[in-house]
Amino acid sequence: MHDLIIIGGGPAGLTAGIYAVRYGLDTLVIEKNVVPGQIATADRVENYPGFPSISGMELMNKFKEHAEKTGVIVHSSDVRSVKDGGDKKVIVTDNGDLEALAVIIATGANPRRLGVPGEDTFLTKGVSYCATCDGPFYAGQNVIVVGGGESAVTDALILSDIAENVYVVHRRDELRACSILQKRAFDKENITFVWDTVVQEIKGGEFVEKAILKNTKTDEITEMEIDGIFIYVGITPNTSIADVEKQGAGFIVTDEKMESSVSGIFAAGDCRRTSMWQVVTAVSDGAVAAISAHEYITSVKFEN
Ligand code: NAP
């Protein structure tokens, strides 16, 4: 029986681990991926204080190194579910069951699917969710980026240094991304913005060949010949393992102490319902969740 099990070894989970170990809790972090965290796929992170410009992978490695030096133990397993047994939580993994007094869910999120015909068919054959991972395959080619948020504009910029032309297809005529990214993208000669437009279908043979586009104002349908489509229309949290209150796409609802609707189960980072999903907010969530878990565990131990 551990004091605390943290599910997820990204920025939120490792920060929670660092705080929990420093508070003397017998802590285990469970992570299924060798390289955890959406952040590891980010080409550049420029808004994490102390690091004006750092690759996501490098930042993640620094978190891991820091956690290891603090004594955080990371166990490799795939968590299937978290069961609430009152004062005891059971974590069901592919390597057997584990028990803890409290759990922090820091399982992050994955890119949301656009949900149009052809998206699944052409996955890895022209459809991608990560320019850092797949961008180099499109050297000198023409690609579409779908979305108007930070992810879309960041990855459009990465692709503009690789591809011949990048078309940012956005459903409105205004971007959601921060102004510094917008300016960089507007200044790029090979990035074209296709406003008020959605992708209706992705077509091709063995690989993507064209996108069917619809203007949201005029309903006009057009075809664009294209080699790749990069999709950034938000995130879907990885929260199916826990039966706690959720909202929207499945984001875990917590109070200000990061506690979920189930006593002793906390959530932190991208899997939590919040107004902002950034590395800086994930690490903040992790710290708050660990301290709240410490408070909870102390009271459980006192009562027993
Ligand atoms: P996001 O901020 O939710 O933006 C999603 C974009 O996709 C929006 O522009 C949205 O349009 C559009 N969209 C949503 N559903 C659509 C649909 N069905 N069809 C067409 N377009 C659709 O998502 P994100 O850019 O992936 O970012 C997720 C979170 O991570 C955000 O909190 C973001 O700030 C954060 N993030 C941070 C960094 C960083 O700190 N460096 C980098 C990347 C992401 P509307 O604008 O019309 O809603």
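Residues numbered from 1 in each chain as written. Predicted model: local features only at pLDDT ≥ 70, side-chain atom pairs only at ≥ 80, totals over all residues. Heavy atoms only, no water.

**Student:** Explanation requested: a positive patch on the surface in the structure shown.
**Tutor:** Side chains of R112, R171, R172 and R176 sit close together on the surface and give a patch of like positive charge. In this fold, R171 is placed in the loop between β10 (165-169) and α5 (179-187). Since its relative accessible area comes to 58%, R171 is described here as exposed. (Patch = residues over 30% accessible without salt bridge, like charges linked within 9 Å, V, L, I, M, F, W, Y side chains within 5 Å. Areas by Shrake-Rupley, 256 points an atom, 1.4 Å probe, with all protein chains shown as cover. Salt bridge = Lys/Arg side-chain N within 4 Å of Asp/Glu carboxyl O. Lys, Arg positive; Asp, Glu negative; His and termini not counted. Charge placed at Lys NZ, Arg CZ, Asp CG, Glu CD. Helix = DSSP H or I, 4+ residues; strand = E, 2+ residues; numbered from the N terminus. Buried < 20%, exposed > 50% of the residue type's maximum accessible area, 1.4 Å probe, protein only.)

**Student:** Got a minute to help me understand the sheet that holds strand β8 (residues 127-128) in this structure?
**Tutor:** Whenever strands of a sheet pair, they do so through backbone hydrogen bonds, lying parallel or antiparallel. Reading across from one edge, β8-β15-β9-β10-β11 is the order of the five strands in this open sheet, with parallel pairing throughout. Looking at strand neighbours, the two that pair on one side only are β8 and β11 (191-194), the edges of this open sheet. Across five bridges, strand β9 (residues 142-146) lies against β10 in parallel orientation. Each residue of the ladder has a partner; that of V146, found in β10, is V169. On top of the sheet, helix α4 (residues 150-160) reaches β9, β10, β11 and β15 (228-231); it is set at about 170° to β9, its chief contact. (Pairing = 2+ DSSP bridges. Contact = heavy atoms within 4.5 Å. Axes fitted to C-alpha atoms, helices over the stretch in contact; angles between N-to-C directions.)

**Student:** It is not clear to me how the domain arrangement of the protein should be interpreted in this structure. Could you clarify?
**Tutor:** By convention, interface size is frequently given as the accessible area that disappears when the constituent parts associate. Here the protein is partitioned into domain 1 (2-110 + 235-303) and domain 2 (113-231). Once you take the C-alpha centre of each, domain 1 and domain 2 turn out to be 32 Å apart. If you look at the interface, domain 1 gives six residues, while domain 2 gives six residues. Along the contact surface separating domain 1 from domain 2 lie one salt bridge. A salt bridge links E46 to R184, with the nearest nitrogen and oxygen atoms 2.9 Å apart. At the junction of domain 1 with domain 2, the criterion picks out three residue pairs in polar contact (both at pLDDT 80 or more). Its residues assigned to classes, the side of domain 1 that touches domain 2 shows one nonpolar, three polar and two charged. (Domains from an automatic or database assignment. Polar contact = N/O pair within 3.5 Å; in protein donor to acceptor, adjacent residues only side chain to side chain. Nonpolar A, V, L, I, M, F, W, Y, C, P; charged D, E, K, R; others polar.)

**Student:** Where do I start with the site of the ligand in this structure?
**Tutor:** Lining the immediate environment of the ligand, one finds 17 residues, of which N47, R172, R176, W277 and Q278 sit closest. Side-chain polar atom of R171 to an oxygen atom of the ligand: 2.9 Å apart, as the coordinates give it. Between W277 and the ligand, the recorded distance is 3.2 Å, taken from a backbone N or O atom to an oxygen atom. Taking 910 Å² as the accessible area of the ligand by itself, protein coverage stands at 78%. Counted by class, the shell around the ligand contains four nonpolar, eight polar and five charged residues. Of the domains in this structure, domain 1 (2-110 + 235-303) and domain 2 (113-231) are the two that each give at least three residues to the shell around the ligand. (Near = heavy atom within 4 Å.)

**Student:** Mind showing me how you'd approach the layout of surface pockets here?
**Tutor:** The rolling of a water-molecule-sized probe over the atoms marks out the regions of remaining empty space. Empty space within the second largest pocket amounts to approximately 160 Å³. Around the second largest pocket, the lining residues are T15, I18, Y19, Y48, F51, L59, K62, F63, H66, V283 and A287. Secondary-structure elements contributing two or more residues to the lining of the second largest pocket are α1 (11-22), α2 (56-70) and α6 (279-303). Among the elements that line the lining of the second largest pocket, the one with the most residues is α2, at four residues. Classifying every residue of the lining of the second largest pocket by side-chain character gives eight nonpolar, two polar and one charged. (1 Å grid on protein atoms, 1.4 Å probe; cavity = no way out; pocket = protein on both sides within 12 Å on 5 of 7 lines; lining within 4 Å. Points joined across faces, edges and corners; volume = space filled by probe spheres on them.)

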